[in-house]
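Architecture at a glance
In case you want the letters, here they are:
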Amino acid sequence: MRKYLLHICFPVLFALIISFVFAFQVSAFDKTDFEKAKDSNADLSNADLSGADLYEANLSGADLSGADLIGADLIGANLSDAYLFSADLYGADLREANLSGAKLIYANLSGAKLTYANLSGADLVGANLSGTDLVGANLSGAELYEADLVGADLIGADLIYANLSGADLSNAYLYEADLRDVDLSGTDLRGANLTQVKYLSINELSEAKTLYEAKLDSELKKQVKDKYPHLLKKPEY
């Protein structure tokens, strides 16, 4: 009977030991990989960092293309010149993060918090920024060609020299944003709040795709109505 029990128990015990060792190795690897995520110039392409605590992490120049950063804590993180092509940053917290010069082409930033973040010179071509909190964000010189900014909150944002051509800013909130020398050619501004916007000229607005139901200061609206009334009409598309 004892021999029979030993014959049965030994393989089970051996399997448990192997499982424990393997689990320890995996945990160690994950910890190393996580620490690597806090280093500049790290290669983290396609890494799963969803929900990760990367508060004030230095990820300058890191390759995060295709990375899963859903819900990650990146408050105050340094992501300057980082490569985030097609990265998923849905709901991530990037308040006061430094993303200057970052490559965010086709990245998903929907619902992310980018309050007072530095996105100067960032490449956001085709990026999804719908419903994103960009209050006070620095987007000067940013490339936002065909970006989705539907319902984005851009109160007080700096958009000087930004390229918003072909972007969708319908129902976006741009109260007191700085739109000096911005490119609005083909930009969808239907329902957008453009009241108290700084340095917005009739010449820039004339290039927009539509201003249907957009909120404008009375003087600017009068100019649009006089010179470009078609922009205030309901678009056919």
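Keep in mind it's a predicted model, so treat the numbers as computed, not measured.

Calculation notes
Residues numbered from 1 in each chain as written. Predicted model: local features only at pLDDT ≥ 70, side-chain atom pairs only at ≥ 80, totals over all residues. Heavy atoms only, no water. Helix = DSSP H or I, 4+ residues; strand = E, 2+ residues; numbered from the N terminus. Buried < 20%, exposed > 50% of the residue type's maximum accessible area, 1.4 Å probe, protein only. Polar contact = N/O pair within 3.5 Å; in protein donor to acceptor, adjacent residues only side chain to side chain. Contact = heavy atoms within 4.5 Å. Patch = residues over 30% accessible without salt bridge, like charges linked within 9 Å, V, L, I, M, F, W, Y side chains within 5 Å. Areas by Shrake-Rupley, 256 points an atom, 1.4 Å probe, with all protein chains shown as cover. Salt bridge = Lys/Arg side-chain N within 4 Å of Asp/Glu carboxyl O. Core = buried A, V, L, I, M, F, W, Y, C linked by side-chain atoms within 4.5 Å. pLDDT = per-residue confidence, 0-100. Phe/Tyr/Trp six-rings, centres within 6.5 Å; stacked < 30°, edge-to-face > 60°.

With respect to the element layout, Thr 187 can be found in the loop between helix 1 (2–36) and helix 2 (202–205). Given the relative accessible area of 0%, Thr 187 is considered buried. A distance of 2.6 Å separates a polar side-chain atom of Thr 187 from the backbone oxygen of Leu 164. Among the polar contacts made by the side chain of Thr 187, one reaches the main-chain carbonyl oxygen of Leu 184 at a distance of 3.1 Å.

This part is about unusual backbone geometry. One non-glycine residue, Glu 96, adopts positive backbone phi at about 60°. Looking at the element boundaries, Glu 96 is found in the loop between helix 1 and helix 2. Here Glu 96 falls in the exposed class, since its relative accessible area comes to 58%. Look at Asp 181: it is not a glycine, yet its phi comes out positive at around 55°.

Bringing the environment of Asp 81 into the picture now. Residue placement: Asp 81 occurs in the loop between helix 1 and helix 2. Apart from the residues within four sequence positions on either side, Asp 81 is in contact with Gly 61, Ser 100, Gly 101 and Ala 102.

All right, on to a nonpolar patch on the surface then. Taken together, Tyr 83, Phe 85 and Tyr 106 make up a surface patch of nonpolar side chains, about 310 Å² in accessible area. Here Tyr 83 lies in the loop between helix 1 and helix 2.

So, about the side chain of Asn 163. Take Asn 163: it is sitting in the loop between helix 1 and helix 2. Aside from chain neighbours lying at most four places away, what touches Asn 163 is Ala 142, Glu 143, Leu 144, Tyr 145 and Asp 183.

Note that soluble globular proteins tend to have their nonpolar side chains buried in a common cluster. If you look at the biggest cluster of nonpolar residues, it comprises 71 residues, and the most contacted ones within it are Leu 104, Leu 124 and Leu 194. Listed by contribution, the elements that provide at least two residues to this core are helix 2 and helix 3 (218–227). Sequence-distant contacts of Leu 104, defined by excluding residues within four places in its chain, comprise Leu 84, Leu 89, Leu 99, Leu 109, Leu 119, Ala 122, Asp 123, Leu 124 and Ala 127.

A separate point is the confidence of the model for the protein. Across the protein, pLDDT averages 88, with 83% of residues at or above 70. Taken element by element, the predicted model of the protein shows its lowest mean pLDDT in helix 1 (42) and its highest in helix 3 (95). For the stretch residues 12–33, pLDDT sits under 50, and the model shows one contact to residues farther than four places along the chain or on other chains.

Turning our eyes to something else, we now look at the packing of aromatic side chains. Counted according to the given criterion, the structure contains three aromatic pairs. Taking the centre distance of 6.3 Å and the plane angle of 10° together, the rings of Tyr 83 and Phe 85 count as stacked. The partly exposed category is assigned to Tyr 83, whose relative accessible area is 36%. Connected via pairs of aromatic rings, a cluster forms that spans Tyr 83, Phe 85 and Tyr 106.

Here we take up the pattern of salt bridges. If you walk through the whole model with that rule in mind, you get four salt bridges. Note that Asp 93 is salt-bridged to Arg 95, the shortest N-O span being 2.7 Å. Using a relative accessible area of 13% as the deciding quantity, one classes Asp 93 as buried. With relative accessibility at 34%, the residue Arg 95 sits in the partly exposed group. Ionic pairing is found between Asp 178 and Arg 180, a salt bridge with its closest N-O pair at 3.1 Å.

Attention now goes to the environment of Val 182. Structurally, the position occupied by Val 182 is in the loop between helix 1 and helix 2. Distance from Val 182 to Glu 204, taken between C-alpha atoms, is 7.2 Å for residues 22 residues apart in sequence. In contact with Val 182, not counting residues within four places along its chain, are Leu 159, Tyr 161, Ala 162, Leu 164 and Glu 204.

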